[in-house]
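So you can see what is in the structure, the chains are spelled out below.
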Amino acid sequence: MEYDYFTAIMRFTHVVVGVAWIGLLYYFNFVQVPALKNANADGTASGITKHVAPLALLWFRWAALATWIAGAALLGANFVSAFSLDTGYEAIGLGSWLGTIMLFNVWVLIWPNQQKILGMKPASDSEKTAARRIAFLASRTNTMLSIPMLFLMTNGLSHKGLIGL
Amino acid sequence: MKNPLDSILGTIVAGVILTVVFVYLLKNFI
């Protein structure tokens, strides 16, 4: 019997780094953003913005990229079929599109704007205010998209028999 | 109308609704 160790390792890697990515996304949305609102009120926000946020963002953005690369490797020869939503690839294909949009949001909308917010890149107060709103909405968009993305990504495990997708 | 993404609950509800819409579209039109 021939084994496919490469695909097995890519599947495992995709899940592990995917947990890191989406776990940190949920941390930002469900923990850090509400906590910062309270921390700003009592003057303790700098602990989060100086020590926690940069490190969380570091793991977050690279885990996002690693998740996409491992996912693409896992699709392998089925990559084009998935992104073309060919028959039999509808669920994983749309899941892949959602994951790709989310990766774009991380690197093009969230990270460059967070650099301005956290003072890693020079920005005026008005630029920071705009950056805050863009980064917030991109992060919330990813949280929203993560729900259908995860549903469709895990499709192969159960839904074919359960809901006929 | 308020943006549902401004609240955590609104974000989750929007995600669940989007999931139902996607499943319906995939099952019926793609």
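Structure's up top.
Treat the numbers as computed from the prediction; the structure is a model and nothing was measured.

*Asks:* How should the overall build of chain A be read in this particular structure?
*Replies:* Within chain A, the secondary structure is distributed over 6 helices and 0 strands. Reading the helices (α) and strands (β) of chain A from amino to carboxyl end gives α-α-α-α-α-α. Its C-alpha atoms give chain A principal-axis dimensions of roughly 60 × 30 × 25 Å. Restricting the contact set of chain A to residue pairs at least 6 apart, pairs at least 24 apart contribute 68%. Separation between the mean location of the 11 positive side-chain charges and that of the 7 negative ones in chain A comes to 13 Å.

*Asks:* How should I be thinking about the overall build of chain B in this particular structure?
*Replies:* Counting its regular elements, chain B contains 1 helix and 0 strands. The principal-axis extents of the C-alpha atoms in chain B amount to approximately 30 × 15 × 10 Å. For chain B, the proportion of its 30 residues judged to be buried stands at 30%.

*Asks:* Help me understand the interface of chain A and chain B in this model?
*Replies:* Reports often express the size of an interface as the amount of accessible area lost when the parts come together. Counting residues at the interface gives 23 residues for chain A, matched by 17 residues for chain B. Of all residues in chain A, A:Arg140, A:Met144 and A:Ile147 give up the largest surface area on contact with chain B, accounting jointly for 30% of the area buried on that side. The residue A:Arg133 makes a salt bridge to B:Asp6 at a minimum N-O spacing of 2.8 Å. Between chain A and chain B we count 3 residue pairs in polar contact (both at pLDDT 80 or more) in total. Ranked by residues supplied to the side of chain A that touches chain B, first place goes to helix H5 (residues 125-153) of chain A with 12 residues. Of the residues belonging to the side of chain A that touches chain B, the class tally is 16 nonpolar, 4 polar and 3 charged.

*Asks:* Before we go on, may I ask you to explain the nonpolar core in this structure?
*Replies:* Among soluble globular proteins, nonpolar side chains are generally buried collectively. By size, the foremost hydrophobic cluster in this structure holds 29 residues, and its most contacted members are A:Trp21, A:Phe60, A:Met102 and A:Leu152. Every element with two or more residues in this core is listed here: helix H1 (5-41), helix H2 (45-75), helix H4 (90-117) and H5 of chain A together with helix H1 (8-28) of chain B. Looking at which element gives the most residues to this core, the answer is H4(A), with 8 residues. Aside from chain neighbours lying at most four places away, what touches A:Phe60 is A:Trp21, A:Leu24, A:Leu25, A:Phe28, A:Val106 and A:Ile110.

*Asks:* Help me understand unusual backbone geometry in this model?
*Replies:* The bulk of non-glycine residues show a negative phi, and the bulk of peptide bonds are trans. Look at A:Leu85: it is not a glycine, yet its phi comes out positive at around 55 degrees. Within the secondary structure, A:Leu85 sits in the loop between helix H3 (79-83) and H4.

*Asks:* What is the right way to look at the packing of H1(A) against H2(A) in this model?
*Replies:* Each packed pair of helices is defined by two parameters, the angle between the axes and the distance between the axes. Residue and element names in this part refer to chain A. Viewed as axis vectors pointing N to C, H1 and H2 meet at an angle of 155 degrees, and their least axial separation amounts to 8 Å. It follows that H1 is roughly antiparallel to H2 by the angle criterion. Considering the relative orientation of H1 and H2, their crossing is left-handed. Grouping the amino acids of the contact of H1 with H2 by side-chain chemistry returns 26 nonpolar, 9 polar and 1 charged.

*Asks:* Is there a simple way to think about the packing of aromatic side chains in this case?
*Replies:* Two descriptors summarise a pair of aromatic rings, namely the distance from one centre to the other and the angle between the planes of the rings. For the structure shown, the criterion picks out 9 aromatic pairs over all chains. Taking the centre distance of 5.6 Å and the plane angle of 55 degrees together, the rings of A:Tyr27 and A:Phe28 count as tilted. The class for A:Tyr27 is partly exposed, based on a relative accessible area of 24%. For A:Phe28, a relative accessible area of 9% puts it in the buried group. Taking 6.0 Å as the distance between ring centres and 65 degrees as the angle between the ring planes, the aromatic pair formed by B:Tyr24 and B:Phe29 counts as edge-to-face.

The rules behind the values
Residues numbered from 1 in each chain as written. Chains lettered and ligands numbered in written order. Predicted model: local features only at pLDDT ≥ 70, side-chain atom pairs only at ≥ 80, totals over all residues. Heavy atoms only, no water. Helix = DSSP H or I, 4+ residues; strand = E, 2+ residues; numbered from the N terminus. Contact = heavy atoms within 4.5 Å. Lys, Arg positive; Asp, Glu negative; His and termini not counted. Charge placed at Lys NZ, Arg CZ, Asp CG, Glu CD. Buried < 20%, exposed > 50% of the residue type's maximum accessible area, 1.4 Å probe, protein only. Buried area = accessible area lost by both parts, 1.4 Å probe. Salt bridge = Lys/Arg side-chain N within 4 Å of Asp/Glu carboxyl O. Polar contact = N/O pair within 3.5 Å; in protein donor to acceptor, adjacent residues only side chain to side chain. Nonpolar A, V, L, I, M, F, W, Y, C, P; charged D, E, K, R; others polar. Core = buried A, V, L, I, M, F, W, Y, C linked by side-chain atoms within 4.5 Å. Axes fitted to C-alpha atoms, helices over the stretch in contact; angles between N-to-C directions. Parallel < 35°, antiparallel > 145°, perpendicular 65-115°, else oblique. Left-handed = near helix turned anticlockwise from the far one by under 90°. Phe/Tyr/Trp six-rings, centres within 6.5 Å; stacked < 30°, edge-to-face > 60°.

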